[in-house]
Amino acid sequence: MDTPILLVNLQGKVSDPKSQFIVNEEAIKVLEGLEAPIGVISVAGLYRTGKSFILNQLAGRTEGFDIGASIQPQTQGIWMWALDRETLRRRRLPDAMNIVLLDTEGLGSFTKTETHDVKIFSLGVLLSSYLIYNSLGTIDDTAVENMSLIVNLTRSIREKVSETDRPGIAPKVDPTSLRAFFPRFLWLLRDFALDLQIDGRAVTEDEYLEHALKPLDGTDAEIVSKNKVRETIRAVFHQRSCFTLKRPVDDEDDLQELGSLKPSQFRKDYLDEVDKLIKLVYRNVAPKTLYNTPLSGAVIASLARQYVTAINGGTVPVIASAWESVLAQKTDAALDAARAAVDAELGSPDQFEDPLDDVLAGSEAAGPRATAAGIGAFVRRAVLAALPPATLESHLRAVTAQAADRAAEVAKAVQDETVRIAAEAAARVARDVQTEVNAAAGVDEIRAAAERGEAAFREAVRGDPDAAMGALHGVGWTGMLLAGAAQVVAAEAARIGREAEERHRAEMDRAQHEHQVLKDLYDSVDKEWQKEQANAKALREEATDLRYEIMGHKKTIQSLESDLAALNEAKSDLGRQLDSGRSERERERAEREEAERRIQEEAAQAAEEERNDMLQELDDRQERIDALSNELDAAYRMVETAKEEAEKALEDERAKVKKEIEAMKAKAEEDAGCHCIIM
């Protein structure tokens, strides 16, 4: 989609307890059109801090989400911008997965309450896989206090219902139990102008964040409250990082109109940092999952409805309950789709020109084709990765049984319709032929009348006319002809009777033969079904092996990250050695100055030659000090080079592993899709 759309909004005033959050169905339809995997990136923070501007940059645009210049909050509710892979490629953004950007209503607005903020923040956290918390300046006590709603957030979200819960009493929740369901966290510091140093030592942005989240010393109520916020952030966001951005423009007036500025009007170093931020976010964003299941847009939409319903009902969103409800809904919808696909494949009797054509149930093609259509519809709609193998097999068996039952119903309906048409045609033809037989003067005329009647009957019936000839016998066809022929000659009547009896016997033999053929076909289809069951089992075992292989790749990535951490530690050690060398150089310089002072005091008493020797010795020492300084500087540059090479190697390995995982997933999905169609 080319523009953002409102996803969730409050219907009514914040002060009205009857106000309800509503989900925009138009946005839900857009979301349902996205296939997994989907990375959901949301931006939260205090109002009027430039969240919408950053989201526009992440979307590859300078405009989209509304950007205002007043103190009034610009974003109301939660806005969504869905970017499919084609759109991402067109905007030259990474296209490893579909992306959904969420712009949440600013926190701390004077027009809203803390309860309203917690509800909006809860929805943003529950729906996203990457959360950017946007704030201005540094991470000081005020910035941490502005995050205090994270404590209330842990009371507003639960994984599952406990037996010890009591109505009306807020349950105690261990924040660490929620970390598996919370997104990756990035604290974005806007207009950051300080040097990243702690106690005179240069630090990274992530080290700065960890330092800011360390507990404060003290036991008074204020310190305990501040430490509670820090502890909660560390507990629920186990994957967290920090990124700083300089002031985008120098002119204060331009700062109020960022959305309308051209790229040339921004500071170059700011644009470079924004480009790094975009690459960082797209490199680290993960597909939205729940219980290790990648979520499609339709599942995310259903979860959004579940969470909004819980919030409107005044209850705490329970992740497990919402997940189970969505799974049940998707499974029921998948079963309904399977039934509809079976019905569409089989159709109804009046749609077929030939009741015994192979499209009808009971033939060699109709049943398997209807089963394949039903299973295909179920696989496309159900959340397969979340269904236990036994449950999935049970549902597939139900679809197969339903297809067989419907095929049998259609076959019976066609048979009944064929019999009815044949009976009506037989009665009509019998009346017409009876009139001709009554007026016949000879056997030849009776024979001609019978032939015309049989021809008319064959044209009137559906399916195989020979198989329907029994309907003529049911209306006394043979007896009528024999009675008419008896009026001409008894011998002719006897001959016609024998011929009719022989035809009847042949028809019975053919019917028995066709019955045996159909039985053999049924046995063949049953054997084929058993074979496909074995193939499905083998496919599940192959998928299990694939998961173990993916876990092995993850361990390889973790090992590489440990190596990078070791390199960073080595860099820090060399930095400390460099600082120590510089201190030694300062001490030596001070000693030299002291020696020069003593030489000046003793110049009148010492010989000129001794003074010159002393100065020469000091010059030699200075040369050694300068040489040591140069060696330390060279060592520092070697550490920097080694770090860059290690980071590049780690990035290449990550990309390689990611491609291998995607290839294996694609192969597994292709194999699974093929087996589903065969069944």
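All figures in this text were calculated on a predicted structure; none of them were measured in a lab.

Chemist: Is there a simple way to explain the overall build of the chain in this structure?
Modeler: When you go through the chain residue by residue, the secondary structure sums to 20 helices and twelve strands. By the burial criterion, 39% of the 679 residues in the chain qualify as buried. Residue pairs at least 24 apart in sequence account for 74% of intrachain contacts in the chain once pairs closer than 6 positions are excluded. As displayed, the chain has an accessible area near 37400 Å², and 51% of this comes from carbon and sulfur atoms.

Chemist: Would you mind showing me how to read unusual backbone geometry here?
Modeler: Excluding glycine, residues mostly carry a negative phi; peptide bonds, for their part, are mostly trans. Cis peptide bonds are those with omega within 30 degrees of zero, and the linkage from alanine 36 to proline 37 qualifies with 0°. If you trace the backbone, proline 37 turns up in the loop between helix H1 (25-32) and strand E3 (38-45). For aspartate 191, which is not a glycine, the phi torsion comes out positive at approximately 55°. Among the secondary structure elements, aspartate 191 is positioned in the loop between strand E7 (184-190) and strand E8 (197-198).

Chemist: Which parts of the structure should I look at to understand a negative patch on the surface?
Modeler: On the surface, Glu593, Glu596, Asp619, Glu623 and Asp626 cluster together into a patch of negative charge. Put simply, the parts of the chain that give the negative patch at least two residues each are helix H19 (490-601) and helix H20 (608-678). Here the element with the most residues in the negative patch is H20; it accounts for three residues. Along the chain, glutamate 593 turns up in helix H19.

Chemist: Explanation requested: the pairing of E3 in the structure shown.
Modeler: Both faces of the sheet carry side chains from a regular strand, because those side chains alternate between them. Judged by how many residues are buried, E3 sits mostly within the fold: eight of eight residues are covered. Neither face of E3 is open: one carries Ile38, Val40, Ser42 and Ala44, the other Gly39, Ile41, Val43 and Gly45, and all of them are buried. Judged from the six bridges that link them, E3 and strand E5 (residues 98-104) form a sheet pairing that is parallel. Across the sheet, the residue bridging to serine 42 is leucine 102, located in E5.

Chemist: Which parts of the structure should I look at to understand the packing of helix H2 (residues 51-58) against helix H10 (residues 268-284)?
Modeler: Each pair of packed helices gets described by two things: the angle between the helix axes and the distance between those axes. Taken N-terminus to C-terminus, the directions of H2 and H10 make an angle of 70°; their axes are 10 Å apart at the nearest point. Considered as vectors, H2 and H10 are oriented roughly perpendicular to each other. Contact with H2, carried on its side by Phe53, Ile54, Gln57 and Leu58, involves Tyr270, Val274, Leu277, Ile278, Val281 and Tyr282 of H10 and no other residues of that element. Tallied by class, the residues present in the contact of H2 with H10 amount to nine nonpolar, one polar and no charged.

Chemist: Mind showing me how you'd approach the pairing of strand E1 (residues 5-11) here?
Modeler: Counting buried positions along E1 yields five of seven residues, so the element is predominantly enclosed. Bridge analysis of E1 against strand E4 (residues 78-83) gives three bridges, and the strand direction is antiparallel. The partner of valine 8 across the bridge, within E4, is isoleucine 78. Direction of pairing for E1 relative to strand E2 (residues 20-23): antiparallel, over a ladder of four bridges. The residue of E2 that forms the bridge with leucine 10 is phenylalanine 21.

Chemist: Explain the packing of helix H14 (residues 389-439) against helix H15 (residues 443-460) to me, please; I cannot follow it from the model alone.
Modeler: For the pair H14 and H15, the least separation of the axes is 9 Å and the interaxial angle reads 160°. One element, H14, and the other, H15, form an angle in the roughly antiparallel class. Like other packed secondary-structure pairs, H14 and H15 cross with a definite hand, here right-handed. On the side of H14, the interface is formed by Ile421, Ala422, Ala425, Ala426, Arg428, Val429, Val433, Glu436, Val437 and Ala439, while H15 contributes Glu445, Ile446, Ala449, Arg452, Gly453, Ala456, Phe457 and Ala460. Class assignment for the residues of the contact of H14 with H15 results in 13 nonpolar, one polar and four charged.

Chemist: Would you explain the nonpolar core in this entry?
Modeler: Soluble globular proteins tend to pack their nonpolar side chains together in the buried interior. Within the largest apolar cluster, 71 residues are counted, with the highest numbers of intra-cluster contacts made by Leu7, Phe121, Ile139, Ile150, Trp187 and Tyr307. Ranked by the residues each element gives to this core, the list is headed by helix H11 (residues 297-312), at eight residues. Leave out the neighbours within four places in its chain, and tyrosine 307 touches Leu123, Leu126, Leu127, Leu290, Pro317, Ile319 and Ala322. If you look at the next biggest cluster of nonpolar residues, it comprises 31 residues, including Ile41, Leu93, Leu186 and Leu280.

Chemist: Honestly, empty space enclosed by the protein in this entry has me stumped. Any pointers?
Modeler: Gaps between atoms show up when a probe of the same size as a water molecule is rolled over them. If you walk through the whole model with that rule in mind, you get four cavities of 30 Å³ or more. In this structure, the largest cavity spans a volume of roughly 50 Å³. Elements that contribute at least two residues to the lining of the largest cavity include exactly E5 and H11. Split into classes, the residues belonging to the lining of the largest cavity amount to eight nonpolar, no polar and no charged.

About the thresholds
Residues numbered from 1 in each chain as written. Predicted model: local features only at pLDDT ≥ 70, side-chain atom pairs only at ≥ 80, totals over all residues. Heavy atoms only, no water. Helix = DSSP H or I, 4+ residues; strand = E, 2+ residues; numbered from the N terminus. Buried < 20%, exposed > 50% of the residue type's maximum accessible area, 1.4 Å probe, protein only. Contact = heavy atoms within 4.5 Å. Areas by Shrake-Rupley, 256 points an atom, 1.4 Å probe, with all protein chains shown as cover. Patch = residues over 30% accessible without salt bridge, like charges linked within 9 Å, V, L, I, M, F, W, Y side chains within 5 Å. Salt bridge = Lys/Arg side-chain N within 4 Å of Asp/Glu carboxyl O. Lys, Arg positive; Asp, Glu negative; His and termini not counted. Charge placed at Lys NZ, Arg CZ, Asp CG, Glu CD. Pairing = 2+ DSSP bridges. Axes fitted to C-alpha atoms, helices over the stretch in contact; angles between N-to-C directions. Parallel < 35°, antiparallel > 145°, perpendicular 65-115°, else oblique. Nonpolar A, V, L, I, M, F, W, Y, C, P; charged D, E, K, R; others polar. Left-handed = near helix turned anticlockwise from the far one by under 90°. Core = buried A, V, L, I, M, F, W, Y, C linked by side-chain atoms within 4.5 Å. 1 Å grid on protein atoms, 1.4 Å probe; cavity = no way out; pocket = protein on both sides within 12 Å on 5 of 7 lines; lining within 4 Å. Points joined across faces, edges and corners; volume = space filled by probe spheres on them.

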